[in-house]
Amino acid sequence: MTVDIQPIRGMNDVLPAQIGAWQRLEDCARELLASYGYEEIRVPVVEHTALFKRAIGEYTDVVEKEMYTFCDQGGESLTLRPEATAGIMRALISNGMLRGQRHKLWCVGPMFRHERPQKGRYRQFNQIDVEAVGVPGPDVDAELIALTTRLWRRLGIERVRLEINSLGTPESRRAYREKLVGYFRAHEGALDADSRRRLEGNPLRILDSKNPEMRAVVAGAPLLTDHLDPESREHFDALCAALTSIGIPFQINPRLVRGLDYYSRTVFEWITDALGSQDAVCSGGRYDGLIAQLGGEPTPGIGFAMGVERVVELLLQAGQAPAARAADVYVVVSGARATAAGIGLVERLRDELPARRFDLNLGGGNFKAQFRRADRSGAALALILGDDELARGVAGVKPLRNEAGQSECPLPELAAAIEAALAGAAAPAE
Ligand code: ATP
Ligand code: MG
């Protein structure tokens with residue numbers, strides 16, 4: 001029987017040639033989040049299916065058709081996480097971390113949704129997920145948005161814009177919901193099958209429909225913004241004022257409802273015009289009822305998730321992905337004794353110059369072959385150690401990217417000579 005060595009549709013390898021942009025985004029986010037006081041948390045990629053059903057909501061695309069759910073050997077129904085918030089809230093509850101405390105947390109990792117794969121939409125994709133738990137806002141709402149704004153700036157990403165909205169409280173949503181059901185019932189003929197099913201379960205989801213044929217009927221629907229309770233209105237106005245005072249441009253989109261059920265009050269989305277129809281790069285909102293709904297003590301929270309693949313694509317398009325870093329020094333070894341001694345020499349140099357990248361020639365080869373590898377490695381410098389050099393206690397030092405000739409250096413002084421030669425190699429030609 002042959003093994004199918006094709007990857008699973010919608011699940012991608014990230015190859016070394018692409019990793020620079022991923023690392024740039026992750027490094028930048030890690031540093032920025034730390035500077036805002038966020039701590040990293042790591043939670044399992046698998047949870048009880050019931051957790052996601054309860055947190056995300058039964059009448060959502062994710063729970064209805066996108067979850068990777070299976071029974072394990074013990075007969076338990078488990079699900080590969082489609083998003084991170086539910087697992088993080090579960091972790092706060094099961095580790096007894098709430099008790100009136102505040103937590104600012106983030107994580108990065110793969111999420112799984114059985115969607116139709118296309119550019120920017122995958123079945124395994126990665127999110128940077130950020131959560132602030134225990135503060136009712138709107139100050140933290142504004143700060144979270146400011147954090148994302150700063151991230152775009154640091155990454156050199158310009159083609160993004162911010163949309164915000166308020167979903168009010170569950171109570172104000174109930175009143176609105178009735179208006180909405182009335183409206184959609186009057187237009188039932190214009191609804192697709194999904195929307196007709198949601199009319200009973202969760203009519204707000206209809207506003208989030210991705211079906212272009214639904215656009216007209218959705219556009220005519222009553223606005224949630226017109227039915228906000230006074231506290232939510234105040235919260236939203238304060239958020240808008242804070243964003244304005246920081247100088248962050250935004251658009252209020254009264255149709256922005258977000259795909260998951262747990263949001264309340266503030267919701268926001270960063271949209272790009274650079275990625276075709278997969279235009280959301282970072283989405284979030286407040287989920288004041290979620291923790292209580294999962295059985296924890298009632299605690300407000302807000303968070304967002306950023307689609308790593310989509311942001312990486314923006315980095316590539318903006319020419320902001322760093323080139324792979326080449327080796328600094330390629331070490332050419334020839335002769336039995338020099339080959340045996342070479343590894344010890346390079347280990348010593350690695351002790352002395354921990355920031356430098358050494359590429360030791362492995363697996364032998366004549367000088368010509370080794371210099372070909374040295375050239376391909378991109379190294380600025382070759383170090384040459386043959387039996388003859390070893391016997392005399394020296395090594396050859398040869399710049400590979402300029403016309404400077406080869407010199408010889410006593411082995412104990414090699415580290416200094418390498419630094420000097422690399423500085424010379426980096427200097428602009430006279
Ligand atoms: P979309 O409207 O594109 O389906 P969503 O509302 O389902 O997104 P969220 O669940 O809020 O997205 O996830 C947050 C972010 O994760 C999105 O803004 C997007 O950047 C990214 N994302 C979501 N689903 C996928 C996917 N299947 N492949 C790649 N990225 C995704
Ligand atoms: Mg989606």
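This structure is a prediction, so every number in the text was calculated from the model and none was measured.

Participant: Just to check I follow, could you spell out a positive patch on the surface for this structure?
Facilitator: A contiguous patch of positive charge, built from Lys 368, Arg 372, Arg 373 and Arg 376, is present on the exposed surface. Counting through the fold element by element, Lys 368 comes out in helix H13 (residues 367-376).

Participant: Looking at this structure, I do not really get the domain arrangement of the protein chain. What am I missing?
Facilitator: By convention, interface size is frequently given as the accessible area that disappears when the constituent parts associate. Segmenting the protein chain into domains produces domain 1 (19-168 + 228-317) and domain 2 (329-421). One C-alpha centre belongs to domain 1, the other to domain 2, and the line joining them spans 49 Å.

Participant: Got a minute to help me understand the pairing of strand S11 (residues 301-307) in this structure?
Facilitator: For a regular strand, side chains alternate in direction, first toward one face of the sheet and then toward the other. Where burial is concerned, most of S11 is hidden: seven out of the seven residues are buried. With burial as the criterion, each face of S11 is covered, one bearing Gly 301, Gly 303, Ala 305 and Gly 307 and the other bearing Ile 302, Phe 304 and Met 306. Across seven bridges, the pairing between strand S6 (residues 124-133) and S11 is antiparallel. Opposite Val 130, over in S11, you have Phe 304 as the bridge partner.

Participant: Whenever I open this one, the pattern of salt bridges confuses me. Can you help?
Facilitator: Close approach of charged atoms lets side chains of opposite charge pair. This structure, assessed with the given rule, holds 26 salt bridges. Here Arg 265 ties to Asp 229 by a salt bridge, and the two come within 3.8 Å at their closest N and O atoms. Remark: Asp 229 occurs in the loop between helix H8 (215-219) and helix H9 (230-246) and Arg 265 occurs in strand S9 (residues 264-272); sequence separation between them is 36 residues. Relative accessible area serves as the criterion here: at 16%, Arg 265 is assigned to the buried category. On the basis of relative accessible area, Asp 229 is assigned to the buried category, the value being 13%. Linking Arg 348 and Glu 352 is a salt bridge whose minimum nitrogen-to-oxygen distance equals 2.9 Å.

Participant: How do you make sense of the packing of aromatic side chains when you look at a structure like this?
Facilitator: Geometrically, a pair of aromatic rings is defined through the distance of the ring centres and the angle of the planes. What the rule picks out here adds up to four aromatic pairs. With centroids separated by 6.2 Å and ring planes inclined at 25 degrees, the aromatic side chains of Phe 367 and Phe 371 adopt a geometry described as stacked. Here Phe 367 pairs with Phe 371, and both are found in helix H13, just four residues apart, close to one helical turn. With a relative accessible area of 23%, Phe 371 lands in the partly exposed category.

Participant: I tried to follow the site of ligand 1 on my own but got confused; where do I start?
Facilitator: Within the structure, ligand 1 sits among 16 residues, and Arg 113, Glu 115, Arg 258, Ala 280 and Ser 283 are positioned closest to it. Between an oxygen atom of ligand 1 and a side-chain N or O atom of Ser 283, the distance comes to 2.7 Å. Relative to its unbound accessible area of 580 Å², ligand 1 is 92% covered by the protein chains. Broken down by secondary-structure element, the contributors of at least two residues to the shell around ligand 1 are S6, strand S10 (280-286) and S11. For the shell around ligand 1, the element with the highest residue contribution is S10, accounting for four residues.

Participant: How should the environment of Gly 295 be read in this particular structure?
Facilitator: By the element assignment, Gly 295 lies in the loop between helix H10 (290-293) and S11. Distance from Gly 295 to Ile 93, taken between C-alpha atoms, is 7.9 Å for residues 202 residues apart in sequence.

Participant: What should I look at first to understand the sheet that holds strand S3 (residues 68-71) in this one?
Facilitator: Where strands meet in a sheet, backbone hydrogen bonds hold them as pairs that are either parallel or antiparallel. On the basis of which strands lie adjacent, the open sheet formed by three strands has the order S2-S4-S3 and antiparallel pairing. The sheet terminates laterally at strand S2 (46-48) and S3, the two strands that pair on one side only. Shown here is a sheet whose adjacent strand axes are inclined to one another by a mean of 35 degrees, direction ignored. Pairing geometry for S3 and strand S4 (residues 77-80), over four bridges, is antiparallel. Paired with Thr 69 across the strands is Thr 79, a residue of S4. Along the sheet, helix H2 (residues 49-56) contacts S2, S3 and S4; its crossing angle with S2, the most-contacted strand, is approximately 80 degrees.

Conventions used here
- Residues numbered from 1 in each chain as written.
- Chains lettered and ligands numbered in written order.
- Predicted model: local features only at pLDDT ≥ 70, side-chain atom pairs only at ≥ 80, totals over all residues.
- Heavy atoms only, no water.
- Patch = residues over 30% accessible without salt bridge, like charges linked within 9 Å, V, L, I, M, F, W, Y side chains within 5 Å.
- Areas by Shrake-Rupley, 256 points an atom, 1.4 Å probe, with all protein chains shown as cover.
- Salt bridge = Lys/Arg side-chain N within 4 Å of Asp/Glu carboxyl O.
- Lys, Arg positive; Asp, Glu negative; His and termini not counted.
- Charge placed at Lys NZ, Arg CZ, Asp CG, Glu CD.
- Helix = DSSP H or I, 4+ residues; strand = E, 2+ residues; numbered from the N terminus.
- Domains from an automatic or database assignment.
- Buried < 20%, exposed > 50% of the residue type's maximum accessible area, 1.4 Å probe, protein only.
- Pairing = 2+ DSSP bridges.
- Phe/Tyr/Trp six-rings, centres within 6.5 Å; stacked < 30°, edge-to-face > 60°.
- Near = heavy atom within 4 Å.
- Polar contact = N/O pair within 3.5 Å; in protein donor to acceptor, adjacent residues only side chain to side chain.
- Axes fitted to C-alpha atoms, helices over the stretch in contact; angles between N-to-C directions.
- Contact = heavy atoms within 4.5 Å.

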